[in-house]
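These are the residues of each chain, in order.
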Amino acid sequence: MAIIKVEGLVKKFGPLTAVDGISFEVEENSIFGFLGPNGAGKTTTISILCTLLAPTAGRAFLNGYDCNADSAEVRKSIGIVFQDSSLDKDLTARENLLFHAYLYDVKKPDRKRRVEEALSFAGLTDRADDLVKKFSGGMKRRLEVARGLIHQPKVLFLDEPTLGLDPQSRSNLWEFITELPGKHGVTIFMTTHYMEEAEVCNKIAIIDKGKIIASGSPAELKKTVGGDVIYLKTSNNPEAIKELARLLNIEATEKDGEIFIPTLKADACIPAIIRELGDTVLSVRMQRPTLNDVFLYLTGTAIRETQSSSGDDVKESVRSYRRRHDRG
């Protein structure tokens, strides 16, 4: 059953079309990734779903309510964890949760119980009366997610939830987040620039220049690239791309100093490339397609890690999470 339905959604700002007729659905109790380059239309779409913007055309429904016509009911149905922390650092963890429960009109008899449950779920019971300013980045993020669940929303929006965290904190937070649909009956709608982390999503929609250009599970999206990906460095990449097209009928693109070549059989393709390009080849490597390769293949733009963390840190975080998950 779909908890979110978007139908022909359009949003214009004067002559600029930020969202251009997109449609998609999000299944209840799933983890949904909404991914795209900066300026692709992600924030505008999410703002409409959260009732912060009205669409120019089309409709969006969340938990059965029209996001434009029934904004009050939609707001009761959602929780939001922003990219930048919105905790009050001069309050304790318990006080932050109680204040949030009060704002969302959680009934007085239920407040204490829900706050204690949130503290326990976030693993912060022993630190409940400590000031938030004394918490690590990972502890603050867990507290923010737990706070977003206090009023028992049907959908929890997570905007770059692990941005700025170290690998261990990332791993712990993802272990925490992936338990939410099963334990709390909540649907996760997330954005991230860390493509390795998007592997946990049940479904992903890729948006570029205001349009949904692909959607599906991570495995389904990788199939759009092909069997393998070849990365090639030469002494003259632009000329090499022309030669690959002329001599081998290979379509290639360049990104960050490397030539990107999707292919079904890299082991057969690489010898032919080296034979034709000869001494101009400086290095060659192959790998199975990743979600970042999908981005590059579909949009011509690879989503890169921000300066707050290296790609190696992200990969180590995911490996750590998977090791723990596999043991469980």
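Residues numbered from 1 in each chain as written. Predicted model: local features only at pLDDT ≥ 70, side-chain atom pairs only at ≥ 80, totals over all residues. Heavy atoms only, no water.

**Remarks on the overall build of the chain**
For the chain, the helix and strand inventory stands at twelve helices and 14 strands. Within the chain, the fraction of its 328 residues that count as buried is 48%. Summarising the internal contacts of the chain: among those between residues at least 6 apart in sequence, 70% fall at separations of at least 24. With an accessible surface of roughly 16,000 Å², the chain has 48% of that area assigned to carbon and sulfur atoms. Positive and negative charge centroids in the chain, built from 45 and 46 side chains respectively, lie 3 Å apart. (Helix = DSSP H or I, 4+ residues; strand = E, 2+ residues; numbered from the N terminus. Buried < 20%, exposed > 50% of the residue type's maximum accessible area, 1.4 Å probe, protein only. Contact = heavy atoms within 4.5 Å. Areas by Shrake-Rupley, 256 points an atom, 1.4 Å probe, with all protein chains shown as cover. Lys, Arg positive; Asp, Glu negative; His and termini not counted. Charge placed at Lys NZ, Arg CZ, Asp CG, Glu CD.)

**Observations regarding the sheet that holds strand E12 (residues 253–255)**
An order of E12-E13-E11-E14 is seen for the four strands of this open sheet, with the pairing classed as antiparallel. The sheet is open, and its two edges are formed by E12 and strand E14 (281–287), each paired on a single side. Neighbour-to-neighbour, the strand axes of this sheet turn through a mean angle of 30°, independent of strand direction. As defined by bridge partners, E12 adjoins strand E13 (residues 258–263) across three bridges and the pair is classed as antiparallel. (Pairing = 2+ DSSP bridges. Axes fitted to C-alpha atoms, helices over the stretch in contact; angles between N-to-C directions.)

**Observations concerning the sheet that holds strand E10 (residues 211–216)**
Spatial ordering of the open sheet is given by E6-E7-E8-E3-E9-E10, a layout of six strands whose pairing is mixed. The sheet terminates laterally at strand E6 (78–81) and E10, the two strands that pair on one side only. For this sheet, the mean inter-axis angle between neighbouring strands, taken without regard to orientation, is 20°. In this sheet, strand E8 (residues 187–191) lies alongside strand E7 (residues 155–159) in parallel orientation, the contact comprising five bridges. Residue pairing across strands places Leu158 opposite Met190, the latter belonging to E8.

**Here we look at the packing of helix H5 (residues 137–148) against helix H6 (residues 167–178)**
In the contact formed by H5 and H6, the axes pass within 9 Å of each other and the chain directions differ by 15°. Comparing their axes, H6 and H5 come out roughly parallel. In this structure, H5 meets H6 at a crossing whose hand is right-handed. Along the contact surface, H5 presents Gly138, Arg141, Arg142, Val145 and Ala146, while H6 presents Ser169, Leu173 and Phe176. Of the residues assigned to the contact of H5 with H6, the class counts are four nonpolar, two polar and two charged. (Parallel < 35°, antiparallel > 145°, perpendicular 65-115°, else oblique. Left-handed = near helix turned anticlockwise from the far one by under 90°. Nonpolar A, V, L, I, M, F, W, Y, C, P; charged D, E, K, R; others polar.)

**Focus on the pattern of salt bridges**
Scanning all chains against the criterion turns up 19 salt bridges. We note a salt bridge from Glu117 to Arg113, for which the minimum N-O separation is 3.5 Å. Taken together, the residues Glu117 and Arg113, both in helix H4 (residues 108–121) and four residues apart, mark about one turn of the helix. Exposure remark for Glu117: the relative accessible area of 44% places this residue in the partly exposed category. Arg113 gets classed as partly exposed once you look at its relative accessible area, which sits at 39%. Note that Glu258 and Arg285 form a salt bridge whose closest N and O atoms lie 2.9 Å from each other. With a gap of 27 residues between them, Glu258 in strand E13 and Arg285 in strand E14 connect regions that are remote in the sequence. Taken together, the shared-partner salt bridges connect Arg94, Glu116 and Asp129 into one network. (Salt bridge = Lys/Arg side-chain N within 4 Å of Asp/Glu carboxyl O.)

**Looking at the nonpolar core**
Leu143, Val145, Leu156, Leu158, Leu180, Ile188 and Ile204 are the most contacted members of the largest nonpolar core, which has 49 residues in total. The contacts of Leu158, once residues within four sequence positions are left out, are Val81, Val145, Ile177, Ile188, Phe189, Met190 and Thr191. The next biggest cluster of nonpolar side chains, apart from the first, holds 25 residues, and it includes Leu9, Cys50, Ala60 and Cys67. (Core = buried A, V, L, I, M, F, W, Y, C linked by side-chain atoms within 4.5 Å.)

**Some points on unusual backbone geometry**
Phi at Thr51 takes a positive value of approximately 70°, unusual for a residue other than glycine. Within the element layout of this structure, Thr51 appears in the loop between helix H1 (42–49) and strand E4 (57–62). Residue Thr51 is classed as buried on the basis of its relative accessible area of 10%. In this model, Lys209 sits at a positive phi of 55°, which is unusual for a non-glycine residue. Along the polypeptide, Lys209 turns up in the loop between strand E9 (203–208) and E10.

**Considering the packing of aromatic side chains**
For the structure shown, the criterion picks out nine aromatic pairs. Looking at Lys11, its charged tip hangs above the ring of Phe13, at a distance of 5.3 Å from the centre. Over the face of the ring belonging to Tyr231 we find Arg285, whose NZ or CZ atom lies 4.1 Å from the ring centre. (Phe/Tyr/Trp six-rings, centres within 6.5 Å; stacked < 30°, edge-to-face > 60°. Lys NZ or Arg CZ within 6 Å of the ring centre and 35° of its normal.)

**So, the state of the cysteines**
Evaluation of the coordinates by the stated rule reveals zero disulfides. Cys50 takes part in no disulfide bond, and the closest cysteine sulfur to it belongs to Cys67, at a distance of 8.2 Å. Residue Cys50 is classed as buried on the basis of its relative accessible area of 6%. Cysteine Cys201 shares no disulfide, and the gap to the nearest cysteine sulfur, in Cys50, comes to 17 Å. (Disulfide = S-S within 2.5 Å.)

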